[in-house]
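# What the coordinates show
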Amino acid sequence: MPDPGVSGAEPLSLAAAWGLVPAVLAVVAAALVLGTVFAIVDNVAINGARVRSAAEPFRTSLRWLIQQRRTTLSPDRLLWRAGIVAVPVLAVLSLAVVPIGGRTLLTTSADLVWFNAMEALLWAAVWLVGWGPNAVHALVGGYRFLAQGLAYELPLMFALITAGLGADSLRTTGIVAAQENLWFVVTMPVAFVVFLASAAAFTFWGPFAAPAGADIASGVISELSGVDRLVVQAGRAVFLGAAAAMAVALFLGGGAGPWLGEPVWYLLKTFAVMAAVAAVGRRVPLLRPDRFVEFAWMVLVPATLLQTLMVGLLVIWGFYP
Amino acid sequence: MDSRGWARALSPAEAGLLLTIGTLPAPLSEAADLLWSQMPQPRHRQAIDETGVGGQLDAAVAALSTPSAYEHHVVGPAAQLSQGSEASHRSDGGHHGGMHDHEENEEDADPAHELNHDHQNPVQHTGHDMGGHGMDHDGHATDEHDGHDAGGHEMDHSDHEMGGHGGHDMGGHAHMHHGGEVAGLAMAGTAPDRDGLQLDELKVALGPVLAGWPTGLVLKASMQGDVLTNVSLSWICGVEDDHHLRQDSRHRSTLLLVDALAQFALVAGWPHAARQARHARAALSSDDPDERRRGRRRARAVAQTIRRSPLLAWSVGGLGDDRGHAEEPDTRQACRTGDVLERVRALCTVVIGDDPSMETVPGVGPEDVEFLLEGAELAAARLIVASFMFETAPTVVHSGAGHA
């Protein structure tokens, strides 16, 4: 098997280059920017491309900041709060391995696994947000999220690992480097689409919003108000932003591009992915989890496996440099 | 509301403004009070009447930014709130958008001080904490708070933690047991489920005011997991037509059809289509003939979108099929409507008007639908209810003050 040589050398992480505190602040700032941009794009898409609604995320956040935190009768306060706080924390942590500007905050030998782990921990967080308030709709929403998780998790893992396989590296910087000649989206279209759909699913957004569906009074988030709601909604937006950025690293060649600097290209591509996701995701009806599970296992799992197999064969034939 | 960029709240926690339209009959005003008791501050409650709706909405939003929007808190930067963000409406556009129904919008705040004061004290304190457990929010039935809050509760507890409570483990008890008390509320009991297993059951109620739900309709059931059993569906009160609906019957039925499509799209998780349908509805109820023509065009467009969507068909097809149903009441044998998808497509076809054999969709009563809900999951039950056009309830008893 050809060794592209990217997996051996330890690349310099942001934390090593700048010191830990500035690097963490930079990642948090990037998270806020990505989350805000996603919220804006999403709101414009919801409101039928009304540009005025771009201000809505700011107005709403302000409202949540000064709103009373509501409670319910005998909630499981500890677990509820833990779940609420975990959502944005996991979102920011997942961004720690996304190479915006060519470097990641952390460099582990298995960035892809790290990203996947943050998303998997979200299962617990979301379920606790549903469990905590001791309310029927929230709990039903929590269970729906787990059911949906059964559907998207395996295809998502296969999609992630396909990119790692093509680059012969689990480091995101290594994966970006391996796409110098050809973006992975060309040889891994299925993995690309599945990755983005899974991102919508693990943030229960758009057609995968059943855990927060209108039929159960917005489910897991139905009992949240004030700063609690702000934190959870912001976490979801950051997660979607981080996933868009990750998609750029894995499939769209990272910051590669002519004339403009690497971070500029990186952000432009990320925003384009966000716009595409919002435009498509807000136009389709909900995919009910009970139907989607079947589709995921019967179609998506085999499809992503075939994709992985195909990439594996290309690797053996030396297609990738 | 859409034209103001306001969103409808799906739960009281999300709401800031509660708008009620016209005079509410007693069961609905009780529901509105309960809803109000569960809304976080700052909040505002406003009754809208037929004169100067726009001005009243502006006033409601302005009120949100005043200190009176907070009852117990010292006011801080409340002024910033003025944009009020979203109003959430419950039935607003969606329903008989009009005056004499109650629509409950929820957003924030309120000067309507005097009004509130009555309930505020009682409700706020007891009510507040009782707040949101259970189904209530959407679902407060007039029926009992204890009833369902307790509800939410129980489920979890007996489910997971206290397996041993009351007849939990013993298969043999046919009826519900109370497994003990948590926070002063009875625990859920157990009952045989649809597969004959002994499972926890929780008494729930949906309605009478709920997003995407016919206002005034109440569903009471036991819930095991998210499966409904012992379902009863009934009107607790009817709603009066708004002035747009008090027109010739053909136009009236078009408006109701478009309302039904908007409601269905909301429940089916298709906010984009729901928004388009509400736009069409708003244009259709205009007095300007050009605007109405535009409304008809938009209504046809959204109906086409819904009728053609393969994703929707895949997602909701096969639910709530009323053919060959063992428990079907005899009265319904004659008018079978198929499954959720077929009913919704029939709605669309009538709106589009391209099939002369389909002039209208028959209205149904709760008793025609009830049997389909038995054993349905919560999501399916909501879709089934949303796929029918209900005959308006016999307008009731307490239909408030007459209108001009």
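For every chain, the first residue of its written sequence is number 1, and the numbers climb from 1 along that sequence. Following the order in which they are written, the chains are lettered starting with A and the ligands numbered starting with 1. Local features in this predicted model are restricted to residues whose pLDDT is 70 or higher, and side-chain atom pairs enter the listing and the counts only when it is 80 or higher, whereas totals over whole chains, interfaces and linings include all residues. As a convention, hydrogens and water are excluded, and side-chain values are obtained from all of the structure's heavy atoms.

## Some points on the overall build of chain A
Cut-off, in case you're wondering: The way it works is that DSSP assigns letters per residue, a run of H or I at least four long becomes a helix, a run of E at least two long becomes a strand, and they are numbered from the N terminus. Radius of gyration here is computed from C-alpha atoms only, and the compact-globule reference equals 2.2 Å multiplied by the residue count raised to the power 0.38. Remark: exposure states derive from per-residue accessible area (1.4 Å probe, protein chains only) relative to the maximum for the residue type, with buried under 20%, exposed over 50%, and partly exposed in between. Pairs of residues are marked as contacts when any of their non-hydrogen atoms sit within 4.5 Å. Throughout, the Shrake-Rupley method with a 1.4 Å probe supplies accessible areas, and for residues the shown protein chains are the sole cover considered. The positive count covers Lys and Arg only, the negative count covers Asp and Glu only, and His and the chain ends enter neither. Working definition for charges: the position is that of NZ of Lys, CZ of Arg, CG of Asp or CD of Glu.
Check the secondary structure of chain A and you find 12 helices and 0 strands. For chain A, the α and β elements follow one another from N to C terminus as α-α-α-α-α-α-α-α-α-α-α-α. The C-alpha atoms of chain A give a radius of gyration of 19 Å, which matches the 20 Å a tight globule of 321 residues would have. With the principal axes as the frame, chain A shows a C-alpha extent of 60 × 45 × 40 Å. Taken over 321 residues, chain A has a buried fraction of 56%. Residue pairs in contact within chain A that sit at least 24 positions apart in sequence constitute 77% of those at least 6 positions apart. Only carbon and sulfur atoms are counted for the fraction: they give 75% of the accessible area of chain A, which is about 11900 Å². Looking at charge distribution, chain A has the averaged site of its 18 positive side-chain charges lying 14 Å from that of its 16 negative ones.

## Overview of the pattern of salt bridges
Pairing of side chains with opposite charge becomes possible as their charged atoms draw close. Residue and element names in this part refer to chain A. Here is the rule we go by: Definition used for salt bridges: Asp or Glu carboxyl oxygen within 4 Å of a side-chain nitrogen of Lys or Arg.
What the rule picks out here adds up to 7 salt bridges over all chains. For arginine 282, the salt bridge is made with aspartate 42, and the minimal N-O distance between the two is 2.7 Å. Of this pair, arginine 282 sits in the loop between α11 (262–281) and α12 (289–316) while aspartate 42 is found in helix α2 (residues 20–46), placing the two residues 240 residues apart along the sequence. Take arginine 282 and aspartate 42: they sit in the same class, and that class is buried. Between aspartate 215 and arginine 144 there is a salt bridge, with its nearest N and O atoms 3.1 Å apart.

## Brief notes about the pairing of strand β2 (residues 44–48) of chain B
Residues and elements named next belong to chain B. Selection criterion: Whether two strands pair depends on DSSP finding at least two bridges between them.
The element β2 is largely enclosed, with a buried count of 4 among its 5 residues. The pairing of strand β1 (residues 17–21) with β2 spans 5 bridges and is parallel. Looking across to β2, one finds that threonine 20 is bridged to alanine 47.

## Points about the nonpolar core
In plain terms, the rule: Buried Ala, Val, Leu, Ile, Met, Phe, Trp, Tyr and Cys residues form a nonpolar core when they are joined through side-chain atoms within 4.5 Å.
The biggest cluster of nonpolar side chains holds 82 residues, and the ones touching the most others in it are Leu122(A), Phe184(A), Met188(A), Phe195(A), Phe202(A), Leu250(A) and Phe251(A). Looking at which element gives the most residues to this core, the answer is helix α10 (residues 226–251) of chain A, with 14 residues. The contact partners of Met188(A), leaving out residues within four places of it in the chain, are Thr162(A), Ala163(A), Gly166(A), Phe251(A), Gln307(A), Val311(A) and Tyr320(A). Membership of the second largest hydrophobic core comes to 68 residues, among which are Leu10(B), Leu210(B), Ala221(B) and Leu266(B).

## Structural notes on the packing of aromatic side chains
All names here are of chain A. The line we're drawing: The pairing test for Phe, Tyr and Trp rings, Trp by its six-membered ring, is centres within 6.5 Å, and the orientation test on the planes gives stacked under 30 degrees, edge-to-face over 60, and tilted for anything in between.
In this structure the tally under the stated criterion is 13 aromatic pairs over all chains. Ring geometry for phenylalanine 208 versus phenylalanine 292: centroids 5.0 Å apart, planes at 70°, classification edge-to-face. Placement of phenylalanine 208 in the loop between α9 (189–202) and α10 and of phenylalanine 292 in helix α12 is noted, with a sequence separation of 84 residues between them. This pair shows no difference in class: phenylalanine 208 is buried, exactly as phenylalanine 292 is. Following the ring pairs from residue to residue traces out a cluster consisting of Phe115, Phe192, Phe195 and Phe251.

## Re a positive patch on the surface
Residue and element names in this part refer to chain B. Note the threshold: Excluding any residue in a salt bridge, patches collect residues exceeding 30% relative accessible area, merging like charges within 9 Å and nonpolar Val, Leu, Ile, Met, Phe, Trp and Tyr side chains within 5 Å.
Residues Arg296, Arg297, Arg298 and Arg300 make up a contiguous surface patch of positive charge. Structurally, the position occupied by arginine 300 is in helix α8 (residues 289–308). Judged by its relative accessible area of 34%, arginine 300 is partly exposed.

## Focus on α2(A)
All names here are of chain A. Stated precisely, the cut-off is as follows: Under the convention used throughout, the expected extent of a helix is 1.5 Å for every residue step, that is, one less than its residue count.
Over its 27 residues, α2 extends 38 Å from the first C-alpha to the last, a length consistent with the 39 Å expected when each residue adds 1.5 Å. The complete set of buried residues in α2 reads Ala23, Val27, Ala31, Leu34, Gly35, Phe38, Ala39, Asp42, Asn43, Val44 and Ala45. Of the surrounding secondary structure, the elements contacted by the buried residues of α2 are α1 (14–18), α3 (56–66), α4 (77–95), α10 and α11. With its phi angle positive at about 60°, glycine 48 sits one or two positions after the end of α2.

## Structural notes on the pairing of strand β10 (residues 227–235) of chain B
Within a regular strand, the side chains alternate between the two sheet faces. All names here are of chain B. As defined by bridge partners, strand β9 (residues 217–224) adjoins β10 across 7 bridges and the pair is classed as antiparallel. Bridge pairing in β10 places serine 222 opposite threonine 229. Between β9 and β10, which pair antiparallel one after the other, the connecting turn spans 2 residues, and glycine 225 there sits at a positive phi close to 65°.

## A short note on the packing of α3(A) against α10(A)
Residues and elements named next belong to chain A. What counts, and what does not: Only the stretch in contact is used when a helix axis is fitted, and all axes are lines through C-alpha atoms; the angle between N-to-C directions ranges over 0 to 180 degrees. If an angle is under 35 degrees, it is roughly parallel; if it is over 145, roughly antiparallel; if it lies from 65 to 115, roughly perpendicular; otherwise it is oblique. Should the near helix be turned anticlockwise from the far one by less than a right angle, the crossing is termed left-handed; should it be turned clockwise, right-handed. Here the nonpolar group is Ala, Val, Leu, Ile, Met, Phe, Trp, Tyr, Cys and Pro; Asp, Glu, Lys and Arg are the charged ones; every other residue, Gly included, is treated as polar.
One way to put it is that α3 packs onto α10 with a least axis distance of 6 Å and a crossing angle of 140°. What the angle tells us is that α3 and α10 run oblique. Between α3 and α10 the crossing geometry is left-handed. Where α3 abuts α10, its residues Ser61, Trp64 and Leu65 lie against Gly226, Val227, Arg229, Leu230 and Gln233. Considered class by class, the residues forming the contact of α3 with α10 number 4 nonpolar, 3 polar and 1 charged.

## A word on a nonpolar patch on the surface
A cluster of nonpolar side chains, contributed by Leu150(A), Phe295(A), Trp297(A), Met298(A), Val299(A), Leu311(B) and Trp314(B), occupies part of the molecular surface with about 650 Å² of accessible area. Within the residue set of the nonpolar patch, elements represented by two or more residues are α12 of chain A together with α9 (310–316) of chain B. If you tally residues by element for the nonpolar patch, the top one is α12(A), at 4 residues. Inspection of the secondary structure assignment puts Met298(A) in helix α12.

## Structural notes on unusual backbone geometry
If you check the backbone angles, Phe204(A) has positive phi at about 35° while not being a glycine. Mapping Phe204(A) onto the fold places it in the loop between α9 and α10.

## Thoughts on the environment of Gly235(A)
Residue and element names in this part refer to chain A. Note that glycine 235 resides in helix α10. Glycine 235 sits in the buried class, given a relative accessible area of 0%. Once the C-alpha coordinates of glycine 235 and glycine 83 are considered, the two residues, 152 residues apart in sequence, prove to be 11 Å apart. The contact partners of glycine 235, leaving out residues within four places of it in the chain, are Val87, Pro88 and Ala91.

## Remarks on the side chain of Thr172(A)
Examined against the element boundaries, Thr172(A) turns out to sit in helix α7 (residues 172–178). Discounting residues that sit within four places of it in the chain, Thr172(A) has contacts with Val97(A), Pro99(A), Thr104(A), Asp111(A) and Met246(A).

## Side note on helix α1 (residues 26–37) of chain B
Residue and element names in this part refer to chain B. Here α1 is 12 residues long and its end C-alpha atoms lie 16 Å apart, about the 16 Å a rise of 1.5 Å per residue gives. Here α1 lies mainly inside the structure; 9 of its 12 residues are buried. Regarding α1, the residues found buried are Pro27, Leu28, Ala31, Ala32, Asp33, Leu34, Leu35, Trp36 and Ser37.

## A look at the confidence of the model for chain A
Residues and elements named next belong to chain A. Applied cut-off: Scored from 0 to 100, pLDDT reflects the predictor's confidence in each residue.
Across chain A, the average pLDDT comes to 84, with 96% of residues at 70 or higher. Here α1 stands out as the least confident element of chain A, with mean pLDDT 74; α9 is the most confident, with 92. Overall, residues 1–8 carries pLDDT values under 50, and its contacts beyond four positions in sequence, including any with other chains, amount to 15 contacts.

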